[in-house]
Amino acid sequence: MDWGMKNRLSKIIKPKDGHTVMLAVDHGYFMGPTTGLEKLDEMVKPLLPYADVLMPTRGGLRNYIPPETDIPICLRVSGGTSIINETNLLHEGIIVSMEDAIRLNVSAVAFSILVGQPFERDTLLAFTQTIDEANRYGIPVLAVTAVGRGLGKDAKYLSLASRMAAELGASIVKTYYCKDFEKIVESCPVPIVIAGGKKVPEKDALQMAYDALQAGAIGVDMGRNIFQSSSPVGMMKAVNAIVHKNATPKDAFEIFKENEK
Ligand code: 5RP
């Protein structure tokens, strides 16, 4: 691994503890004006001090994030279908050239693969093309193991998708927390972060983050459970405490409640 790749990875995964808090705000690429992100700039600004990495789209970055912002960027580079196109949901291809990703000075790029759908081959080949192009410039690729309709969020499916992502060259895998999560971690040779998924009660989201860390995840890449919370700053601080300070779910929930007032 060359210096550039190692340097970028150290911006994504914090060397002090090998953990990371990623804030996902890329939802607009297939969900449009997602609840909580209508004014993405106003939402994100107070959250940045508690995030290690920001995951936007290129339009989100250019239009809402001031260029002097001091946070590593993991840029969403896959897409191509919308949430209303049910039959093709997450049938994603490359939506950003590596040249533009470099121009945006990113530390990593994120690509969603969908294993187990008729179009899996398309997403996997575009994914490996992205890995070849990104790695040429020392840019790590985070694979999002997307889950389509009819596919279970279970360890059997997610370990298949996560291991495939790593074997195909991903540097980091983003997947969902589920029962027997440690089996996914054990069979995946690269670090794993969990997605938050749809909004759930804050207590449950914090428990999930804690359980994922206990089972071997190196952090989170959460979106809706942060920015759709009654206190996004509270959730961000609470998740940060779990990831970097080994806080219990109870302590983290207290942090959230303190900030909700
Ligand atoms: C889709 C994605 C999302 O765009 C997003 O990053 C997910 O974040 P969350 O589920 O925590 O809202 O990865 O596959």
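In this report, we go over the structure that sits alongside the text. The structure displayed is predicted, hence computed values, not measured ones.

Here the focus is the sheet that holds strand E10 (residues 219-222). In space, the 8 strands of this open sheet follow the order E2-E1-E10-E9-E8-E7-E6-E3, with parallel pairing throughout. Bordering the open sheet on either side are strand E2 (53-55) and strand E3 (74-76), each of which pairs with just one other strand. Each strand of the sheet is rotated relative to its neighbour by a mean of 25°, with strand direction disregarded. Sheet strands touched by helix H6 (residues 120-136): strand E6 (108-113) and strand E7 (141-145). Its angle to E6, the strand with the most contacts, is close to 165°. Strands in contact with helix H9 (residues 202-214) are strand E9 (192-195) and E10; relative to E10, the strand with the most contacts, it is inclined by about 140°.

So, about the site of the ligand. Close contacts around the ligand come from 15 residues, with Asp26, His27, Lys174, Gly197 and Gly223 the closest. For the ligand, an oxygen atom lies 2.8 Å from a polar atom in the side chain of lysine 174. When the ligand sits alone it has 380 Å² of accessible area, and the protein chains cover 97% of it. By residue class, the composition of the shell around the ligand is 5 nonpolar, 5 polar and 5 charged.

Next up on the list: the packing of aromatic side chains. All chains considered together, the criterion is met by 4 aromatic pairs. Their ring planes at 50° and their centres at 5.9 Å tell us that phenylalanine 111 and phenylalanine 127 sit as a pair that is tilted. You can see phenylalanine 111 sitting in strand E6 and its partner phenylalanine 127 sitting in helix H6, a full 16 residues away along the chain. Of the two residues examined, phenylalanine 111 and phenylalanine 127, each falls in the buried class. Pairing tyrosine 177 with phenylalanine 181 gives two aromatic rings, centres 5.2 Å apart and planes at 40°, and the pair type is tilted. In this structure tyrosine 177 comes out as partly exposed when scored by relative accessible area, which is 26%.

Between H9 and helix H12 (residues 249-260), the least distance of the axes is 9 Å, while the angle of their chain directions is 135°. Relative to H12, H9 is oriented oblique. The handedness of the crossing between H9 and H12 is right-handed. Counted together, Glu202, Lys203, Leu206, Gln207 and Tyr210 of H9 and Pro249, Ala252, Phe253 and Phe256 of H12 form the full contact between these two elements. Its residues placed into classes, the contact of H9 with H12 shows 6 nonpolar, 1 polar and 2 charged.

This part covers helix H11 (residues 232-245). End to end, H11 covers 19 Å across 14 residues, agreeing with the expected 20 Å (1.5 Å per residue, within 8%). Of all 14 residues that make up H11, 11 are buried, and the element is covered over most of its length. When H11 is considered as a whole, its buried residues turn out to be Pro232, Gly234, Met235, Met236, Ala238, Val239, Asn240, Ala241, Ile242, Val243 and His244. In this structure, the buried side of H11 is in contact with strand E1 (20-24), helix H3 (40-44), H9, E10, helix H10 (224-227) and H12.

Moving on to the packing of H11 against H12. Closest axis-to-axis distance for the H11/H12 pair is 8 Å, and the angle between their directions is 160°. Of the possible angle classes, the one that applies to H11 and H12 is roughly antiparallel. As for the relative orientation of H11 and H12, their crossing is right-handed in sense. Facing Val233, Gly234, Met235, Lys237, Ala238, Ala241 and Ile242 of H11, the residues of H12 in contact are Ala252, Ile255, Phe256 and Asn259. Each residue belonging to the contact of H11 with H12 can be placed in one class, and the counts come to 8 nonpolar, 2 polar and 1 charged.

Let us look at unusual backbone geometry. The backbone of asparagine 105 sits at a positive phi, close to 60°, despite the residue not being glycine. With respect to the helices and strands, asparagine 105 occurs in the loop between helix H5 (98-103) and E6. Classification of asparagine 105 by relative accessible area gives exposed; the value is 61%. Phi is positive for aspartate 180, close to 60°, though the residue is something other than glycine. For aspartate 180, a relative accessible area of 30% puts it in the partly exposed group.

Enumeration over the complete set of coordinates arrives at 11 salt bridges. Members of the salt-bridge network, linked through shared partners, are Arg58, Arg62, Glu99, Asp100 and Arg103.

Cut-offs used in this document
Residues numbered from 1 in each chain as written. Predicted model: local features only at pLDDT ≥ 70, side-chain atom pairs only at ≥ 80, totals over all residues. Heavy atoms only, no water. Pairing = 2+ DSSP bridges. Helix = DSSP H or I, 4+ residues; strand = E, 2+ residues; numbered from the N terminus. Axes fitted to C-alpha atoms, helices over the stretch in contact; angles between N-to-C directions. Contact = heavy atoms within 4.5 Å. Near = heavy atom within 4 Å. Polar contact = N/O pair within 3.5 Å; in protein donor to acceptor, adjacent residues only side chain to side chain. Areas by Shrake-Rupley, 256 points an atom, 1.4 Å probe, with all protein chains shown as cover. Nonpolar A, V, L, I, M, F, W, Y, C, P; charged D, E, K, R; others polar. Phe/Tyr/Trp six-rings, centres within 6.5 Å; stacked < 30°, edge-to-face > 60°. Buried < 20%, exposed > 50% of the residue type's maximum accessible area, 1.4 Å probe, protein only. Parallel < 35°, antiparallel > 145°, perpendicular 65-115°, else oblique. Left-handed = near helix turned anticlockwise from the far one by under 90°. Expected span 1.5 Å × (residues − 1). Salt bridge = Lys/Arg side-chain N within 4 Å of Asp/Glu carboxyl O.

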